[in-house]
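Report on the structure
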Amino acid sequence: MIKSQPLISVIIPVYNSEKTIKQTLDSVLNQTYKNLEIIAVNDCSKDNSLEILNEYAKKDKRLKVFSNAQNLRVAKTRNFAIENCSGEYIAFVDADDIWKPEKIEKQFLFMQETGAELCYTSVEFIDDSGEATGRKFIVPEKVNFNKLLKQNVITLSSACAKAELIKKHLMHNDELHEDFIMWLEILRDEIKFAYGLSEVLVLYRLTAGSKSRNKFKSMKMTYKTYRLLKVNFFKANYCLFCYVIKSLKKYGKDAVKQK
């Protein structure tokens, strides 16, 4: 049983997501854990995303809708939401992913039981149309900085963390894996471990056109991430080798794909 239900802020960056955002919003608003603040930031969408967000906001006061004056891309858009949230904890979900109804309740109970300040869950992969691919990623029970270098096991849409950690390490470097950098900084500077809940609580959409769908581009981005964090040359190359092998096992033909 959950001892208390502090406010949890849910951050959703939105850009041209009219085909998927309804499913995402429904999955968040229908959580069994009710004390949520949902902050959706429209990043100058050219489709009907903003209209959909406003329609949902009229029906549920927990949803707060913001719009960027200009296209800021995903890192700055998430940062704007982070800076405007008031929850004790922050959870992230992309505008094309789906949470299972008990995602937050089970995850927060797990965090209370383990004392985790950063938590992630297992995921199931779906395709562009929302159909199951038959692939799942079952996460390890915990990960530290060195282990995370070898494989990013923290899927952004599964993550929940204490707000104070996130606010100390805002996202940057859109041209790299901005969330991967944030997790690594938190594990390097703030906490020893992040903890994984093995239950599949997120449906993660493998989308065409992702910046990381290109395997070679993603390898380059990952290596630049290591160098940005001042990982030494030999360790960076070893970690990259591990990263590629583990990603091939994780995603199969969709290897090395992160949003």
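Not measured: the values here are computed from a predicted model.

Moving on, we come to a nonpolar patch on the surface. On the surface, a cluster of nonpolar side chains totalling about 280 Å² of accessible area is made up of F241, I245 and L248. With respect to the helices and strands, F241 occurs in helix α9 (residues 233-251).

Most of strand β6 (residues 118-126) sits inside the fold, with nine of its nine residues counted as buried. Pairing between β6 and strand β9 (residues 160-162): two bridges, direction antiparallel. Each bridged residue has a counterpart across the sheet, and for L118 the counterpart in β9 is A161. Pairing of β6 with strand β10 (residues 194-205) involves eight bridges; the strand directions are parallel. Paired with I126 across the bridge in β10 is R205. Of the strand pairs in this sheet, β6 and strand β7 (residues 132-137) are connected by three bridges, and their pairing is antiparallel. Across the sheet, E124 pairs through a bridge with K136, a residue of β7. Here β6 folds back onto β7, and the loop between the two strands holds five residues, one of which, G130, carries a positive phi near 90°.

Turning our attention to unusual backbone geometry. The phi angle at N16 is positive, at roughly 50°, despite the residue not being glycine. A relative accessible area of 34% means that N16 is categorised as partly exposed.

A few words now on the pattern of salt bridges. Inspection of every chain in the model, using the stated rule, returns nine salt bridges. Ionic pairing is found between D60 and R62, a salt bridge with its closest N-O pair at 2.9 Å. By the burial criterion, D60 is buried, and R62 matches it.

Right, let's get into the packing of helix α1 (residues 21-29) against helix α2 (residues 49-59). Look at α1 against α2: their axes get within 10 Å of each other, and the N-to-C directions meet at 25°. By the criterion of interaxial angle, the relationship of α1 to α2 is roughly parallel. α2 is crossed by α1, and the crossing has right-handed handedness. Residues I21, K22, L25, D26 and L29 of α1 touch α2, and the partners they reach there are I52, L53 and Y56.

Rules used throughout
- Residues numbered from 1 in each chain as written.
- Predicted model: local features only at pLDDT ≥ 70, side-chain atom pairs only at ≥ 80, totals over all residues.
- Heavy atoms only, no water.
- Patch = residues over 30% accessible without salt bridge, like charges linked within 9 Å, V, L, I, M, F, W, Y side chains within 5 Å.
- Areas by Shrake-Rupley, 256 points an atom, 1.4 Å probe, with all protein chains shown as cover.
- Salt bridge = Lys/Arg side-chain N within 4 Å of Asp/Glu carboxyl O.
- Helix = DSSP H or I, 4+ residues; strand = E, 2+ residues; numbered from the N terminus.
- Buried < 20%, exposed > 50% of the residue type's maximum accessible area, 1.4 Å probe, protein only.
- Pairing = 2+ DSSP bridges.
- Axes fitted to C-alpha atoms, helices over the stretch in contact; angles between N-to-C directions.
- Parallel < 35°, antiparallel > 145°, perpendicular 65-115°, else oblique.
- Left-handed = near helix turned anticlockwise from the far one by under 90°.
- Contact = heavy atoms within 4.5 Å.

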